[in-house]
Every structure is written in C-alpha cells, then in structure tokens.
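Here are the chains, one letter per residue:
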Protein chains: 4
Amino acid sequence: MTSPPHQTAVFGVSGYAGAELARLLLHHPRLRGRAPLFFGRPEEEKGTRVALTDLHPQLAGNNGAGSVTVEPFRWDALGKQKVDVVFLATPHEQSRAWVPKLLQHGVRVIDLSGAWRLDEETNRAIYKLEDHDPAAAESIQQGAVYGLPELHREQIAKAKLVANPGCYATSVILALAPLIREKRIDLGHGIVCDAKSGVSGAGKTPTAKTHFMHAADNLSAYSVFNHRHTGELLEQLGLQAKDIIFTPHLLPIPRGIFSTVYIKLQQRTTPEEIDACFRNFYADSPMVRWYGTRLPEIQFSVRTSYCDLGFALASDGQRLIVVACLDNLLKGAASQAVQNMNLLFGWPEQEGLA
Amino acid sequence: MTSPPHQTAVFGVSGYAGAELARLLLHHPRLRGRAPLFFGRPEEEKGTRVALTDLHPQLAGNNGAGSVTVEPFRWDALGKQKVDVVFLATPHEQSRAWVPKLLQHGVRVIDLSGAWRLDEETNRAIYKLEDHDPAAAESIQQGAVYGLPELHREQIAKAKLVANPGCYATSVILALAPLIREKRIDLGHGIVCDAKSGVSGAGKTPTAKTHFMHAADNLSAYSVFNHRHTGELLEQLGLQAKDIIFTPHLLPIPRGIFSTVYIKLQQRTTPEEIDACFRNFYADSPMVRWYGTRLPEIQFSVRTSYCDLGFALASDGQRLIVVACLDNLLKGAASQAVQNMNLLFGWPEQEGLA
Amino acid sequence: MTSPPHQTAVFGVSGYAGAELARLLLHHPRLRGRAPLFFGRPEEEKGTRVALTDLHPQLAGNNGAGSVTVEPFRWDALGKQKVDVVFLATPHEQSRAWVPKLLQHGVRVIDLSGAWRLDEETNRAIYKLEDHDPAAAESIQQGAVYGLPELHREQIAKAKLVANPGCYATSVILALAPLIREKRIDLGHGIVCDAKSGVSGAGKTPTAKTHFMHAADNLSAYSVFNHRHTGELLEQLGLQAKDIIFTPHLLPIPRGIFSTVYIKLQQRTTPEEIDACFRNFYADSPMVRWYGTRLPEIQFSVRTSYCDLGFALASDGQRLIVVACLDNLLKGAASQAVQNMNLLFGWPEQEGLA
Amino acid sequence: MTSPPHQTAVFGVSGYAGAELARLLLHHPRLRGRAPLFFGRPEEEKGTRVALTDLHPQLAGNNGAGSVTVEPFRWDALGKQKVDVVFLATPHEQSRAWVPKLLQHGVRVIDLSGAWRLDEETNRAIYKLEDHDPAAAESIQQGAVYGLPELHREQIAKAKLVANPGCYATSVILALAPLIREKRIDLGHGIVCDAKSGVSGAGKTPTAKTHFMHAADNLSAYSVFNHRHTGELLEQLGLQAKDIIFTPHLLPIPRGIFSTVYIKLQQRTTPEEIDACFRNFYADSPMVRWYGTRLPEIQFSVRTSYCDLGFALASDGQRLIVVACLDNLLKGAASQAVQNMNLLFGWPEQEGLA
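Because the structure is a prediction, the values reported are computed rather than measured.

Here is what the cut-offs are and how they apply
Residues numbered from 1 in each chain as written. Chains lettered and ligands numbered in written order. Predicted model: local features only at pLDDT ≥ 70, side-chain atom pairs only at ≥ 80, totals over all residues. Axes fitted to C-alpha atoms, helices over the stretch in contact; angles between N-to-C directions. Helix = DSSP H or I, 4+ residues; strand = E, 2+ residues; numbered from the N terminus. Parallel < 35°, antiparallel > 145°, perpendicular 65-115°, else oblique. Left-handed = near helix turned anticlockwise from the far one by under 90°. Contact = placed C-beta atoms within 7 Å. Nonpolar A, V, L, I, M, F, W, Y, C, P; charged D, E, K, R; others polar. Pairing = 2+ DSSP bridges. Right-handed = clockwise from strand over helix to strand, strands pointing away. Least-squares fit on C-alpha atoms with pLDDT ≥ 70 in both. Expected span 1.5 Å × (residues − 1). Buried ≥ 20, exposed ≤ 12 C-beta atoms within 10 Å, placed from the backbone. pLDDT = per-residue confidence, 0-100. Core = buried A, V, L, I, M, F, W, Y, C linked by C-beta atoms within 7 Å. Domains from an automatic or database assignment.

**Section: the packing of helix H1 (residues 16-27) of chain B against helix H14 (residues 334-345) of chain B**
All names here are of chain B.
So, point 1. The N-to-C vectors of H1 and H14 enclose an angle of 45°; their axes lie 8 Å apart at closest approach. One way to sum up the angle between H1 and H14 is to call them oblique. Viewed along their axes, H1 and H14 form a crossing whose handedness is right-handed. Residues Ala17, Glu20, Leu21 and Leu24 of H1 pack against Ala334, Ser335, Ala337 and Val338 of H14.
So, point 2. By residue class, the composition of the contact of H1 with H14 is 6 nonpolar, 1 polar and 1 charged.

**Observations concerning the pairing of strand E6 (residues 108-111) of chain A**
All names here are of chain A.
So, point 1. Across 4 bridges, the pairing between strand E5 (residues 85-88) and E6 is parallel. Across the sheet, Leu88 pairs through a bridge with Asp111, a residue of E6.
So, point 2. Handedness of the E5-helix H5 (residues 92-104)-E6 crossover: right-handed.
So, point 3. Sheet topology note: the E6/strand E8 (residues 161-163) ladder contains 3 bridges and is parallel. Each bridged residue has a counterpart across the sheet, and for Val109 the counterpart in E8 is Leu161.

**Let's talk about the relation of the copies chain B and chain A**
So, point 1. Superposition record for chain B on chain A: RMSD 0.0 Å, screw rotation 180°, translation along axis 0.0 Å. The two molecules are tied by a two-fold rotation axis, judged by turn and shift. Relative to the rotation axis, the C-alpha of His189 of chain B is the closest in chain B, positioned 2.9 Å from it.
So, point 2. Interface residue correspondence from chain B to chain A reaches 100%, placing this contact among same-surface, isologous pairings.

**Things to note about the interface of chain B and chain A**
So, point 1. With 33 residues of chain B at the interface, the matching set in chain A holds 33 residues.
So, point 2. Looking at the side of chain B that touches chain A, the elements that each hand over two or more residues are strand E9 (191-197), strand E10 (220-221), strand E11 (244-250), strand E12 (257-264), helix H13 (298-301) and strand E15 (319-326) of chain B.
So, point 3. Residues that form the side of chain B that touches chain A fall into these classes: 18 nonpolar, 7 polar and 8 charged.

**Brief notes about the sheet that holds strand E4 (residues 69-71) of chain A**
Note on sheets: strands pair through backbone hydrogen bonds, and any given pair is parallel or antiparallel.
Residue and element names in this part refer to chain A.
So, point 1. Taking strand neighbours across the sheet as the criterion, the 8 strands line up as E3-E4-E2-E1-E5-E6-E8-E7 in an open arrangement whose pairing is mixed. The two strands at the open ends of the sheet, each matched to only one other strand, are strand E3 (50-51) and strand E7 (145-146).
So, point 2. Contacts between helix H1 (residues 16-27) and the sheet are confined to strand E1 (8-11), strand E2 (37-39) and E5, with E1 contributing the most and set at about 165° to the helix.

**Section: the sheet that holds strand E10 (residues 220-221) of chain A**
Residues and elements named next belong to chain A.
So, point 1. Judged by pairing direction, the sheet is mixed, and its 7 strands sit side by side in the order E10-E11-E9-E12-E15-E14-E13 without closing on themselves. Two strands lie at the open edges of the sheet, namely E10 and strand E13 (288-290), each paired on one side alone.
So, point 2. Sheet topology places strand E9 (residues 191-197) next to strand E12 (residues 257-264); 6 bridges connect them, and they run antiparallel. By the bridge assignment, Ser197 is partnered in E12 with Ile257.

**Quick look at helix H14 (residues 334-345) of chain A**
Along an α-helix, residues three or four positions apart point the same way, because every turn accommodates 3.6 residues.
All names here are of chain A.
So, point 1. Under the 1.5 Å per step criterion, the end-to-end length of H14 is 17 Å for 12 residues, consistent within 8% with the ideal 16 Å.
So, point 2. Among the 12 residues in H14, 11 count as buried, and that is most of the element.
So, point 3. Turning to H14, its buried residues are Ala334, Ser335, Gln336, Ala337, Val338, Gln339, Asn340, Met341, Asn342, Leu343 and Leu344.
So, point 4. Turning to H14, the residues buried within the fold contact H1, E5, E6, helix H8 (149-158), E8 and helix H9 (167-181).

**Here's the deal with the relation of the copies chain D and chain B**
So, point 1. Superposing chain D onto chain B takes a rotation of 180° combined with a translation of 0.0 Å along the rotation axis, leaving an RMSD of 0.0 Å.
So, point 2. Of all interface residues in chain D, 100% are interface residues in chain B too; the two copies therefore contact each other through one and the same surface.

**Considering the interface of chain D and chain B**
When the parts come together, some accessible area is lost, and that loss is often what is quoted as the size of the interface.
So, point 1. Residue-level contacts link 13 residues of chain D with 13 residues of chain B.
So, point 2. Of the residues assigned to the side of chain D that touches chain B, the class counts are 8 nonpolar, 4 polar and 1 charged.

**Topic: the confidence of the model for chain A**
So, point 1. When pLDDT is averaged along chain A, the result is 93; 95% of the residues meet or exceed 70.
So, point 2. Listed scores for the predicted complex are pTM 0.96 and ipTM 0.95.

**Details of the pairing of strand E9 (residues 191-197) of chain D**
So, point 1. Within E9 of chain D, 7 of the 7 residues are buried, which leaves it mostly tucked inside the rest of the structure.
So, point 2. Going residue by residue along E9 of chain D, you find Ile191, Cys193, Ala195 and Ser197 of chain D tucked away on one face and Val192, Asp194 and Lys196 of chain D tucked away on the opposite face as well.

**Let's talk about the nonpolar core**
So, point 1. The biggest cluster of nonpolar side chains holds 452 residues, and the ones touching the most others in it are Val172 of chain A, Val172 of chain B, Val172 of chain C together with Val172 of chain D.
So, point 2. When sequence neighbours within four positions are dropped, the list of residues in contact with Val172 of chain C reads Cys193, Ala195, Leu233, Phe246, Ser259, Val261 and Ala324 of chain C.

**Digging into the domain arrangement of chain A**
Residues and elements named next belong to chain A.
So, point 1. For chain A, the domain assignment lists domain 1 (8-164 + 333-345) and domain 2 (167-326).
So, point 2. Placing a centre on the C-alpha atoms of domain 1 and another on those of domain 2 gives a separation of 26 Å.
So, point 3. Contacts between the two partners involve 18 residues from domain 1 and, on the opposite side, 19 residues from domain 2.
So, point 4. Secondary structure elements with two or more residues in the side of domain 1 that touches domain 2: H8 and H14.
So, point 5. The element best represented in the side of domain 1 that touches domain 2 is H14, accounting for 3 residues.
So, point 6. Of the residues assigned to the side of domain 1 that touches domain 2, the class counts are 8 nonpolar, 6 polar and 4 charged.

**Looking at the environment of His28 of chain B**
Residues and elements named next belong to chain B.
So, point 1. Structurally, His28 can be placed in the loop between H1 and strand E2 (37-39).
So, point 2. Taking the C-alpha atoms as reference points, His28 and Val338, 310 residues apart in sequence, are found 9.0 Å from one another.
So, point 3. When near neighbours in sequence (up to four residues on either side) are disregarded, His28 contacts Val338 and Gly352.

**Considering the packing of helix H5 (residues 92-104) of chain D against helix H7 (residues 134-143) of chain D**
How two helices sit against one another is set out by the angle between their axes and by the gap between those axes.
Residues and elements named next belong to chain D.
So, point 1. Interaxial distance between H5 and H7 falls to 11 Å at its minimum, and their mutual angle equals 75°. In terms of axis orientation, H5 runs roughly perpendicular to H7. In this structure, H5 contributes Val99, Pro100 and Leu103 to the contact, and H7 contributes Ala136, Ala137 and Ile140.
So, point 2. Among the residues forming the contact of H5 with H7, the class breakdown is 6 nonpolar, no polar and no charged.

Right, here's the structure in full:
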C-alpha cells in the first residue's frame, strides 16, 4: 500500500468519540505516514497547542501519537495542508454553523453530530438549530447523505456531506431494515425498541447523571417518548411516530449499546425465513455480524467496529425479538465515520476497522 | 412491645435471599428476644453447626447475630422449639418435597421457591417437579396462596402455605394489576415487559454466567420466551401466553430489578386517570411507592423493601410505559416473605420493613 | 423507651454523608417521635423548603421521611425548637465560620468537616481556614475533642464541640492505635499506609475525577505525600511526618475504605500477642469488629457502622500487615457522628447503629 | 512485508490470556497469511474441533478468525506443519510436563505459566511441580530464560525456552530494576509492594472468589506473605525474602494491575536523578512508557501492551513511591509473549503490539 494523496482533519478531538477517531485514523493502513490534523473545540483552545496524549493518555505509543499535537483551529490550515476530508466531532450547533463554510472551502465533511441527519424540520426541531442563511442550509440539507453504509453506501461514496448516524439509531435501524424492506412487520401492532447504553453515550462533561455515584449500580430510563434519535428511525425506516416506541436506558458500563426490538410479524414465519431475510440483506456488509438464533451480548461488540444482530422467534411464528449490539463510540460513531471515509475514497468499507 | 409467643425457622439460610431474611428476622421488632432457628441446606450440612456470621460475615454485630448458629436440620426441632412458621429458602425440588411433611407437622410455611406458585400444571412443567403423592400435592397446591400481599392479603392471613412470588413476577404484576382490574389494556396489542435484573438473581453458585468477567461490563438477554416467572404473570393477571412478552436481561450490578412495561390502552386516557388508577389500587399498600409521572430508578429501591412504580404516557394518550423497580432479594424475596409473615400473625404489613 | 427531651438539627443534609445521617437519625430509637430539623447548605437554599425525599429519593418511606422537609437555614429556629445538638455536614470553610456562633447559641456541635480536627496550625494549613476572630477560634480549637470514641470517649461525653474524624484517618488510626500504645512499632522503619476508597469519598459535585468514565474500570493514586487526613494521623498517633506514608487511591466502587497498613515490629512477636493487643484495646468498643488472622474485605463493612480489623504476620514475627475496612459514609462519617451524639447524651455508644 | 517461513502454535487458547494471544497473532504483520495453529487444553478437547469464535465470540471478524478452528492436540501436527515456536497458555503442571517433549521435537517454547520461571527449588516449591525425569528437567531449567525483554532481551533472542513472567512480577520488577541497578535502595528499610489486580488475573474457572457478587463492589487482599510471584521478584531483583513485602489485592475491574511500590532511598535524591535513572534504563525499551512525576492510572494501560511507570518523591528526597500499571493479560501475559517471539525471530520488539 502506498501513502495516498489524502489528508484528513478532525475537529473536536477532545471527546470520547474524538479519541476513538484519532486512534483509528492514526492506525489506518491507507493513511500511514500522513497523520490527520487535529483541532480542538473552539471553547477549549485558548490559543495553545497541546499533545494529543495529554488529552488522551491511553493513545500514547500508538503509531507515534506521542508527537501528534492538537492545534487551535485555523481555517487557512485546510488549504495549506490540502485537507480533503474533515471529521466534525463537535456539538450540533457548531456542526450546523461550520458545515456551510467547510463546504465552501471545497472539503468533504463527515459530521458526527445530529445537526444534518434529519430532512424533516419537525424532526430537527428538537436540536433547536439556527441557520445564518436558512435557504443555503436547506439546500445543503437536501444534499446531505445519512451515513449508514448498510443502507446508503452508493450515495455516501458521492456525497459532499455525510451525516454520521446516531449510536442508538444505528442499532435500531440495522435491526429493522431487513424486515421493513420485506414488509414483514405488522406496523399496526407497534414496534417497541427498548435500548440500553453505556455512560460514554452521555458525553464527557461531568454532570449529576454521569457522576459515578449515580451511574454505577443503577439503571434509569430517560428521554422517554422524546429522544433525539427517534427522528432518524422514522426517516430512515419510513415509519410514523405512532409505529414505534423508543426508550433509552442508562447502563452502568462505560461503553456499548444493547437494543431489544419487539416486532409483530404480518404472518406466521419460520426462523429460517428470518435468518434468510437478514443474511440476504447484509450479505455485502462487512461491519454487520449476523448471529442468527444465538443472541449477541454487549461484551462481544464492545471495542469492535461491528454491529451484532441476532433474533428469537416465539413458537407462534409471529412475535419476534431482534437484538442489536454495538459499541456506541465505534460502530455508533468513530468507526462508522471511518467506514464512511473509506467509501468516500473508494477503499474497502472495512479498511482499518478489523 | 412484648416478646410474642411466635417462633420462626429458616431453612436454607446460606443463599443471598437467606442472608437478607436472617437479617430482617433478627431485627424484627416483634421477634425481639427470640431469634429464629436457622437450618442449612441438607447438602451443605455435613452434620455440623456453623456460626451464621461465618456464612454471612456482613451480619456480624447485628442484634447478636454473632452468637447465632446454623444447625443441621432436624425434624424434631420443630416441635421441641414450638416453631409455628417456617421459611423455605431452598431449591424448588426440595421445597416441593418438604412442604407436605411440614404441613403435617402443623407449621405454616412461607416458601420462597417457585415450587408452589403455579396452579396450572402446564405452567408448572418448567420446574420438572415430581410429587411422591400427586393427589396430596394437588390438594396442597389448591390451598396454597400466592404471597403477593397487594393482591391477596386477606387470603394470605389465613393460609397454611404461602408461595412467595418470583422477583421478576412481583415487579411486572404490580406494574399491571391496577390497569388489568380497570380493564384499560388493549390485550390484542400485546404487552411487552422488558425486564433487567442484577446478578444476585442468578444465585450464589459460581457459573460461567455469574463470573465477574462475564457479568461485568456486559448486558445479555436470557430465557427469551421461556422464563419460569412467565406462568406467574399469566395466572395472577388472568392473561394468556399470547398477551404478553417477558424478556429478562442480566445487568452488571449486584442487586435490583428494573422492568419497563409497554402497554397499549383501550382508549385515549389522561395522565391524571392513570395516576388515579394506581393511587386508588395501592392506597392501602405500604410497600408500594407510587412515583406518578416521575420514573423510579433502580438505585432508589435497592436495599429497601419497596416496589417503586411510575409511568410515562405518550401524547396520544394510548401508549403507556410503566416502570417498576425493586430489590430482587427484598421485595422480590426476603422482605416479601416477612410481609407475608406479618399478615399470618396479624401484624401491620410493613412491620420490620421500613 | 420514652421520647427524650433532645432535639437535633443537621446542616447541609444534601450530600452523601448528610443523607446517611438523616437516615440514621430518623431511625434512632431514642429520637422516635422527634424528627431532627434539616437545613440545606446556604448556597443551595434559595429560600425555599424542599422535601427530604426530593433530595434523597431512597429515603422515601423511612419512618415518615416523606413528610420531612429541608428548610432554609434560620438561626432563630435553634432557640425556638430547643435544639441541643447540631450536626454540621457542611464544607470546612463554613464549619469553621459557623461553629463560634453555634457555640454562642449554647448548642453542642458535631462537625463532620475537617475544620476543627487539627490542633497544630501547620497541619491545619492545608485547609486554608480563615478565622474572623483568631483568638476566639484558637480558644474553641483548644476545647474541641477529636470525635473518635475508641480513643476519646470520655472527653467526647463532656465536649461542646466534637470534630468528627476523617474517613481515611479513622481506618488508619484504629489500625495503629493498639500497637502504638504498647510501643510495638519500629518507627525508624517507617509505617506504610496504602489506602483505597470508594468514589463517594470524593463528594457529590460532578467533576472529571468522579465522572463514571474516569472512575469506573480504573484505579488511581492521588494527593500522594499530601493528603489532608495526614495531620490527623500525626496528631492522634503521636507521630512525626517522617514516620508514616499515607497514600490514598480511588477505587471503582461507590463506598468503602480498605487500608493496608505495613508495620515493622520492634521485636519478634507471636500472632497471639498481636491478637491480644487488639482484643484488649477494643474490648469495650462495640463499633470495632476484630477479625484476628482472618482479613476483612471491604464488602463486609460497607453499609454497616463498624470498622473491621484483621492482621497477617510474616513468619519472621516482625513484619506485620493490619487491614482496616469501613464504610466511609458511616463509620467514616455519619455513624461516627451518631456514635458521638450517643456519648454526648449518655446513651449506649452503639444505639441506633446495629 | 512478505509472509515469513515461521509457523506458530498456541496450546490452551481457551483462557483469557489465550484469547488475547490469538488476537495478537492473527493481527501480527509478520504472520499475515499464516494463521497460528490453535490447540485446546487436553481436558477440554473431547476430540472435536471447534471454531475459535465459539470460544471467544469477540474475535469474530478479526482477520478471518471466523474460519480459524481450535483442534484437538496432536503431536504429529508440529512436524507436519513445520511449527517453530509454540506458546503454552496451559496450567503450570501441564507446561512442566510438556516442555521436555516439545524441546525434543525441536520447537522453541514460550511458556506463559509459572512452571519454568524459577531457578531456585525453594521458590519453585509453591507450584508443587513433579518432574518425570528430574535431571533432565533441571538441565532444561538451567537453560530457560526469564522472558522479561527489558532485562534479558539478548538471552531471550537465543533461548530455546522462554519463561514468560508473571503479571504482578512484571509490574514490580520493572518498577524496581532501575533503582536496584544503581544501588539506590536502602534494603534494610524494606520495600513494600502493594499491588492490585483486576479479576481476569484469577482465571476463567468460576469460583466463589470470581463470582460477580463477591468481586464487584469489593476489595480484598489475598495470598498475603505467600504469593507465587514473590520468587520471581527475589530472583530477578537479587533480593532476599526479608527485603520485600508483596501484597496482592483483588480489584473490582476486569483487567489491569496497579502496583504501588514504596522505597527508602540510600541517600537524599532529587526528582531529576530519579527521572534520569528510569529514562536511562528504559531508553531502548519500546514497551515501557515513562510518566516521570505524573502518576499513571490503570485505565491508561488497560488494553495496551505497555507497562506505564511514574513516581512521587517526598520532600525529604528519600521516601519514594513508584507506580507501575499494565494490563495483566497483555504486558502481563500475551503481549509479553509476542514481544518474546519478536526477539526469537529477530523482529523489532514492538512489532504487532502498538
């Protein structure tokens, strides 16, 4: 493999997903010899550069991460360094504000925030986004591609702006998409998605909720009937709000999502048919591991870039449970972003993710 | 308070629920001055007595537990010591075998196992119980009372044999009973119970599943469509198998159950009506704490004897989520057993449980 | 037991130790029928009363805690309600400022902060305390009694101001005091105290250190050669700084302290002599559990009011390890405060703590 | 890189260290295209082959691990497949019995057990090893090299048998070796090593000690004055038993070791001198990360192949604390074994470990 003519940059490398993204990019076989540029979040910069390993000590020793610095952001660095892809691991307000400028600079953008994932304004309302130039933003929104390779790999390959999916949304959409496509679900019955996530999903800012004393030895539900990722489920799966309930819970573990999805099938179905439906759908998707009737556990997928799927079918052949597990920081964020980068550059989807 | 003419005995005090039961009985204000008799499980006895605090060091110093011994079981001790209530914290096979003999000895029994909870043989089949005298067993079964005080306090008070409910079953039944009584649930839609339990629910025997390396930093589903407690839900709530899905998950915490129960209501309902339905039902139930529209967390109920209940209602007034939390070793086992003892003796239900 | 003529008040009930103190006082058999007054921290008050169970949901249902309110602080409440003992669960600056005024009001004070524990100004310097009236403060300091009942129960009984010990300090002092009294330690060799504490010891304020993602699956040392509790060890054990190293570590558990104390004995000693030394010293100390050559584990003492002690002696008879375990919020804070209150009122030391 | 003429085999791949070893070897850049042979433990074999991912589901998708099988052990496979290095991740009895036969087959062996680490019979006694041919075993023992590359890289390169060090021993030896070499330690004072390890160190067999209910929310000390790794410290550091105390504790985390090492220096020393001593010693050791006066945390090294070292020096310039952190399954086992393989084959020490 020769070093490619590509240069990447990461904005907002200080968070948990940012750290994973840095790790993956520093190890990516196609980017060897060309470390990404790392920029801090504007509010954290204070005009000084810091070592990447000061922010994330666990990265020390990783392919020369010790000498990598995080710089204060400078627009002119993009042109000088011939950056062609920018990853935004920034808060959604900032991603919304910066994407128009970045696109004007001619770079392609993979945004890890929720800012550009939702086409419908009613779904986007929960983010309270404000656009400087609403018409331009709407035009950019129309061109944005939802960065779930298993559904949209061809559009992603051509996109200027990839909206990297939410972690919960990735797990639920991958659990349901094959059944939706084959119109197997009795939607009148309603789909129930009982999802559980590790604490890293709540972000790095210390809060009462992420305090060890609250998060450890506990389980709580939150954002019931009102979670931000719900809109992604509706738009990507072609559902209406009444068709699906999505309930997130906070697990006392650092990482990982486990979504238990309850479905009523239109008609009596065999386990073999379910198995074939999923195998068929994901035949060319290297980042999905299909377990069949063996249910995945959260531990199997944590610290991997895979989404694991398995199912159990009641003896009536109609009541189906699909379990989806993934690492919220990897397939739910950083690995998916790298998977999208691979598509943008025409590399194998799983490159650097095994 | 004067010391009562009552003497209790606990069989199988070596497990987690046994330890909690010992602690509660040693502190019970109506049993002061008269420590229960503690017997080991037959297979653990080896004919020797051991100090209770050797089995459970955390009990040392508790109202003289230091001098309490666990004895090899002897039938004649029941009569000599005038035992009038026996708690069985024994495996279900053993409880099934011993109850007939204990009843013949004239003692009342509170059985914490699943041996006598289920009236219907099809539901009981999962326990693979074998009766020495099937006719006698069937007769005893007819007289057994399901020991959920919130549903059956009057029958419990008069019972010879109380079948203490399963931990999961307690949480789900208490979440649903008020809605069932008022016929508010659209059963055709199906009830989904996504339940999560701490590791103590899996028992004290070391297994691959309870190994720290498997249980920690993990979540897994188990006994999907096939958990033993399902029969209790059906019989106590008057449901059929097709009406309800119950899925247990293993949480990486020591104790506590969190059941998220998804219901479709028959008709558009207001939060106030839901609130009134539950308040009304549990008005005289001291061991249920009603949270209304604030959702309980597992941490609030762990190490208490309460079942905590709260709800969230979708804006359509029909999709309802009820959350039930309790400590699987207390309201899910030992505290409920003591609550049942209080009823047997005519004491206030919450005595010794606050 | 009849309701006593005593009324207590707790300032700063919002923290972890405050919650435990509230729980213990609400259950204290000598205080039945007379709930303590609870006051918030001034900076949290905002002039409104809140339910105690809003601050600490897990207290709901505890002896009527549901109707107990936390009031904005008012000095005149002390006289009107005839408060005779005040517990301060406030930051040390606040405790330092309030104690002079409280003593002027004629109430006795049990201060859980570090403000009044240290006689020597050099040891106190680490708290950066400022006194409005230094001479008065110095006089109060002289009269303050270090509230470790196992060492000072007689002085505590007569004290106006009890300085409740630090959690780490309690564990280390109790591990060493019997050996110090019998002059068994070779001080020239140096004592090593390797102490480990659960996260509640770091307080309720969310910080990067107490974030679940940092505290879970981790261990770190902190305040090496520089921890605030060191001065307590020196003063209470009559040691000099060079005699002892105290290193705290942050454990990934909610509660509990485990101190491993390494000692070189002056001369060859038998296990029986060590055993006798400790048994003798703690013969009349109900809140110390002596394990002898069986080492305690942190789990045995968590959620109890005991300090557990055990030892291992090398075959050379000179190298000794003493292990001390306790719950940092109980014997390390709230239970010790109640133990001190019992002494102030002439009640049995262990009353309400079993 | 071209595929090398080397073929490796792993015996006993079913444990935690075995899984890590499999993962590292499957990803090793010099072994691409030539997967190791994997053999089960004899007692687990039952004569059937199983998929590696059935034993370790988290390996699925790793460089074709899905098609890798674990075979029943057959001696003739070694010759047929031209295996030149065998890793033993087997119990020490088995390693002791097999090594003579393996060496006779002309393969080089890296043994991860404690069977061949100790030259002195008194130190080895704790393993209760029995040799079929004691003289031959003694001769093999003399030729065995202790596989700590930072101390013995040249001998390892030439060794037939590498005895991979214990996890605890690695951390303590690396913390002390630089100070020992420069004769800086006042041994008369005694070295205290207070070590803490995650639960994977206790192995995969379910026991009361590794049960989640015992290991979680707990800390305990074990094998006090009597741990198997003590002999390695004595032999490798040239110490006598009286010079050092080593106390292991069981941490409630899956992986990671944190050793707090207390040293009295011979004379007053500056932090700069300590810093230089370690930098100098580890200048050419790529798998040691030196933190200087910043203390490492267990989290920084977990899931890396590094040993992290840092120190704190008291203001007296004589009392020194060195902290060593590593992942017990990696630098404490599997990564160290790969590091040794790299030396055997003349590859860069860190190859496949970054």
